[in-house]
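# Observations on the model geometry
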Amino acid sequence: MSEWAEKVIGIFSNRRDDILRMWLESQQKNGYRGMYERIGERELYRQSNDLFEAMIDAAGQVGFASVRKPEWQAVADLVAEITAQRTRTGFSVMETVTYVFALKTVLIEILRQEQPDDIGCFVAEVVTITHALDEMALIATSAYVKTREEIILRQQQEMLDLSTPVIRVWDGILVLPLIGTLDSSRSQVITETLLQEIVSSNSDIAILDISGVPLVDTLVAQHILKTMAAARLMGAECIISGIRPEIAQTIVHLGVDLSQIKTKATLAGALKWAFDMRQLTVVHNAKR
Amino acid sequence: MERIPILKIGDLLLVTIQLDMHDQLVMDLQKDITNMVRTTEAKGVILDISGLDMVDSFIGRMLGTIAAMTAVMDAHTFVVGMQPAVAITIVELGLPLGGVHTALNVEKAIERLRAWGKIEAESDDEAHEGD
């Protein structure tokens, strides 16, 4: 470490309170609306303080020039942790990374205030510090992306776990509203739930409503046909309802053969058919 | 030698499978059912497989062939009470069970046969007497 580098770290340690105050102020000034409410001033101070301490500690050991050395790992971990926490609170990537960049501006300002005699060394140090903090910003960005990916993955799992409701609309008539994309793992769950419900409710008519399925390709059609075949084997009659015009067009264009299967455009139509099958009539009570 | 009993109820044959099927057993069953259809001139056969937890491709196919055989002898075969797991297996195996009629339970199968005029109404009464 050069003499100047040590001097710089000395300046930073001495003016620790000024730096923290200016850093927080700049965040408050440039910060996005609601940022303080979401973290809380006390927590923001604690995070900033911890990060600054860790940084001075690491810089004191190996200097700002060696950010990739293991001594800086604690700082990197802290940045990742703070970022992850903010990402989960709903911060945008800009809001998160600005936090690190704000510190850079403050550090350079502090150096300027100390009025260095050797302008060449000053510039060299500024470049080094900029590099170090840019590295931290990169760590923050990748931590942001990583946390977001974790959130997406968890949500995917939750969507898969969402129960597939099988609704008994009448004695012996079940409706299975299919919502969302059908892949093999989901369609397997759907088939099992439907068959189980057919047995337990002793129903012999099942209506598969596909109005919530955004896209029907050959694979999805195959899944639906398999579910229907299995239900038929158990002795339940199956009917597809909720075929939107776009879906009808896709099905015919793809050449999916649904001619052997009863299909209705709307759930109401399917229900009417089911009532006919059970020899039920809905009567309009005119006296009311 | 174990055999699956075939009960005659009026114009109806009722076969209840309560044990795991193996190939010889199902071959014998096919022979027995066709013989019984001929001797009793039954109009309907009901195969209750609610006790069957597992099927392989052979047994799955035999259910289809039994139905096809009774159909040419003018008796309708109903497979009733299939377990969900069995239904999924048969679909995944891609077995063609086109000629087989299915129903949730014996009661519903009798109802359907009667609606088609395949069996007389009093055969159901006999069934109750037999219980």
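Remember, predicted model here, so these are calculated numbers, not experimental data.

What follows concerns the domain arrangement of chain A. Split into domains, chain A comes out as domain 1 (3–159) and domain 2 (167–277). For domain 1 of chain A and domain 2 of chain A, the distance between their C-alpha centres works out to 55 Å.

Our next topic: the packing of helix H8 (residues 184–201) of chain A against helix H3 (residues 84–93) of chain B. Packed helix pairs are specified by the crossing angle of their axes together with the interaxial distance, meaning the distance between the axes. Packing of H8 of chain A against H3 of chain B leaves a shortest axis separation of 9 Å and a crossing angle of 135 degrees. Judged on the interaxial angle alone, H3 of chain B and H8 of chain A are oblique. Handedness of the H8 of chain A/H3 of chain B crossing: right-handed. Along its contact with H8 of chain A, which presents Thr191, Glu192, Leu195, Gln196 and Val199 of chain A, the element H3 of chain B presents Pro84, Ala87 and Ile88 of chain B.

For the rest of this paragraph, the subject is the packing of aromatic side chains. According to the stated counting rule, one finds 5 aromatic pairs over all chains in the structure shown. Ring geometry for Trp170 of chain A versus Phe275 of chain A: centroids 5.3 Å apart, planes at 80 degrees, classification edge-to-face. Here Trp170 of chain A, found in strand E1 (residues 167–170), pairs with Phe275 of chain A, found in helix H11 (residues 267–277); they are 105 residues apart in sequence, far enough to count as distant. Look at Phe275 of chain A and you get buried, because its relative accessible area is 12%. Between the aromatic rings of Phe78 of chain B and Trp116 of chain B, the centroid separation amounts to 5.6 Å while the plane-to-plane angle is 35 degrees, which identifies the pairing as tilted. Residue Phe78 of chain B is located in strand E4 (residues 76–80), and its partner Trp116 of chain B is located in the loop between helix H4 (106–115) and helix H5 (121–130); the two are separated by 38 residues in the primary sequence. Given the relative accessible area of 40%, Trp116 of chain B is considered partly exposed. When the ring centre of Phe91 of chain A is taken as origin, the NZ or CZ atom of Arg86 of chain A, which lies over that ring, is 5.9 Å away. Just above the ring of Tyr99 of chain A sits the side chain of Arg86 of chain A; from NZ or CZ to the centre is 4.0 Å.

Our next topic: the pattern of salt bridges. Residues and elements named next belong to chain A. Inspection of the entire model under this criterion finds 19 salt bridges over all chains. Here Arg16 and Glu53 are joined by a salt bridge, their closest N and O atoms 2.3 Å apart. Taken together, the positions of Arg16 in helix H2 (residues 16–30) and Glu53 in helix H4 (residues 41–62) put the pair 37 residues apart, joining distant regions of the chain. Note on Glu53: relative accessible area 36%, which makes it partly exposed. With a closest N to O distance of 3.5 Å, Arg21 and Asp18 form a salt bridge. A residue pair is termed a helical-turn pair when its members lie 3 or 4 positions apart in one helix, as Arg21 and Asp18 do in helix H2 at 3 residues. Accessibility expressed as a relative area gives 43% for Arg21, which makes it partly exposed. For Asp18, a relative accessible area of 25% puts it in the partly exposed group. Several salt bridges share partner residues, and in doing so they unite Arg15, Asp18, Arg21, Glu25 and Glu114 into one network.

Scoring rules and cut-offs
Residues numbered from 1 in each chain as written. Chains lettered and ligands numbered in written order. Predicted model: local features only at pLDDT ≥ 70, side-chain atom pairs only at ≥ 80, totals over all residues. Heavy atoms only, no water. Domains from an automatic or database assignment. Axes fitted to C-alpha atoms, helices over the stretch in contact; angles between N-to-C directions. Helix = DSSP H or I, 4+ residues; strand = E, 2+ residues; numbered from the N terminus. Parallel < 35°, antiparallel > 145°, perpendicular 65-115°, else oblique. Left-handed = near helix turned anticlockwise from the far one by under 90°. Contact = heavy atoms within 4.5 Å. Phe/Tyr/Trp six-rings, centres within 6.5 Å; stacked < 30°, edge-to-face > 60°. Buried < 20%, exposed > 50% of the residue type's maximum accessible area, 1.4 Å probe, protein only. Lys NZ or Arg CZ within 6 Å of the ring centre and 35° of its normal. Salt bridge = Lys/Arg side-chain N within 4 Å of Asp/Glu carboxyl O.

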